[in-house]
Amino acid sequence: MLVDFHTHTTASDGALSPADLVQRALVRGVSQLAITDHDTVAGYRAAVASRALASGELHLVPGVELSCQWSGVNVHVVGLNLDVDHPVLAAGLSRQAEARQERAAVIARRLEKLGLSGALEGARAAAGDSQIGRPHFAAWMVAQGHVAEPSVAFDRYLGRGKPGDVKAFWPVLEEVVGWIVAAGGVAVLAHPLKYRLTRTRLERLTADFRAAGGAAVEVLSGRQLPNEGRELRELARRQQLAVSLGSDFHQEQSWAADLGVEPRHLEGLRGVWERWQAPEQESCT
Ligand code: AMP
Ligand code: MN
Ligand code: MN
Ligand code: MN
């Protein structure tokens, strides 16, 4: 059985349309998929309506990946199995959309000062109807010939500690966890090792996340080393949290994970998916 509870579509910064993502998941034999676009459920909604789901072979779990800040760090929280029409979530998502627009204007002003003019128009054009983010600035820089590839745009201008790394607009961790919980969902701390925190700070982040109502941590989020998986499972165990798994798929790339992960090495930890599988299992017995 393959599952994937962390993926992106063209509704945020992914390359595939929601229907194409579902199609790819089906081809790869994924039986449970969550579309977790950055701060929007538009990709999920489009996938629900797509014909690709008609076969019934794939269970689509409602999802989202919310941006927030904790102690000056830009942290991502994945919400799974939530009511995407819940008014608290809807209000939160419209705030996030506004925050992204305002942030984009600030990023563009900062880039302008570095001699990169026209960034806002360029990034907006690259984003189209998608939720605008730093990858759209990176795409514009590549198209303009300012950098050879997106990763260089992040290294020079957009990544951690660089001028385009603007966090000020995001709500705090507790708030976004609250939206997910209010909408009946499960809050998952996304890719905990990506924040490059010290052990002590990662433990504090995870404890604060749990205190806010968080339920699980991602122990697999794309390509990672075996010892990273072990470290994350130990974190989950110490903090008494369930675990989630995903590819964080954005597009087909030689260095990135493709859709679908095998739930294994769980060593007694509880998978978040057991929460929505449980009723079905009960009705079978
Ligand atoms: P944002 O949502 O605007 O804060 O942008 C964050 C997104 O940028 C992440 O979800 C990644 O998809 C992408 N990203 C982050 N770091 C890099 C990098 N070094 N190279 C390419 N893409 C990146
Ligand atoms: Mn992304
Ligand atoms: Mn993320
Ligand atoms: Mn992601």
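Look a little higher up for the structure.
Treat the numbers as computed from the prediction; the structure is a model and nothing was measured. (Residues numbered from 1 in each chain as written. Chains lettered and ligands numbered in written order. Predicted model: local features only at pLDDT ≥ 70, side-chain atom pairs only at ≥ 80, totals over all residues. Heavy atoms only, no water.)

Asks: Break down the sheet that holds strand E8 (residues 242-246) for me, with residues and values.
Replies: As summarised here, the arrangement of the five strands in space is E4-E5-E6-E7-E8, forming an open sheet in which the pairing is mixed. Because the sheet does not close on itself, it has two edges, and the strands there are strand E4 (63-70) and E8. Each strand axis lies, on average, 35 degrees off the axis of its neighbour in the sheet, ignoring direction. Pairing geometry for E4 and strand E5 (residues 73-80), over eight bridges, is antiparallel. Its bridge partner lying in E5, Gln-69 is registered against Asn-74. Packing of helix H7 (residues 173-182) onto the sheet brings it into contact with E4, E5 and strand E6 (186-189), and relative to E4 it is tilted by some 160 degrees. (Pairing = 2+ DSSP bridges. Helix = DSSP H or I, 4+ residues; strand = E, 2+ residues; numbered from the N terminus. Axes fitted to C-alpha atoms, helices over the stretch in contact; angles between N-to-C directions. Contact = heavy atoms within 4.5 Å.)

Asks: Could you give me a rundown of the coordination of the manganese ion (ligand 2), with the residues and numbers involved?
Replies: In an ideal tetrahedron of four donors about a metal, each angle is 109.5 degrees. In an ideal octahedron of six donors, the angles are 90 or 180 degrees. Taken together, the protein ligands of the manganese ion (ligand 2) are Asp-13 (OD), His-38 (NE2) and His-250 (NE2), with distances of 2.1 to 2.2 Å. Considered as a linear motif, the donors of the manganese ion (ligand 2) on their single chain read D-x24-H-x211-H. Between the manganese ion (ligand 2) and the manganese ion (ligand 3), a separation of 5.6 Å is found. Pair noted here: His-38 is in the loop between strand E2 (30-34) and helix H2 (42-49) and His-250 is in the loop between E8 and helix H10 (274-284), with a separation of 212 residues, a long-range link. (Donors = N, O, S within 2.8 Å, 3.2 Å for Na, K, Ca; no water.)

Asks: How would you explain the coordination of the manganese ion (ligand 3) if you had to name every residue and give the values?
Replies: Protein coordination of the manganese ion (ligand 3) is provided by Glu-65 (OE), His-76 (ND1) and His-191 (NE2), with donor distances spanning 2.1 to 2.2 Å. The sequence pattern formed by the donor residues of the manganese ion (ligand 3) is E-x10-H-x114-H. Given the relative accessible area of 0%, Glu-65 is considered buried. (Buried < 20%, exposed > 50% of the residue type's maximum accessible area, 1.4 Å probe, protein only.)

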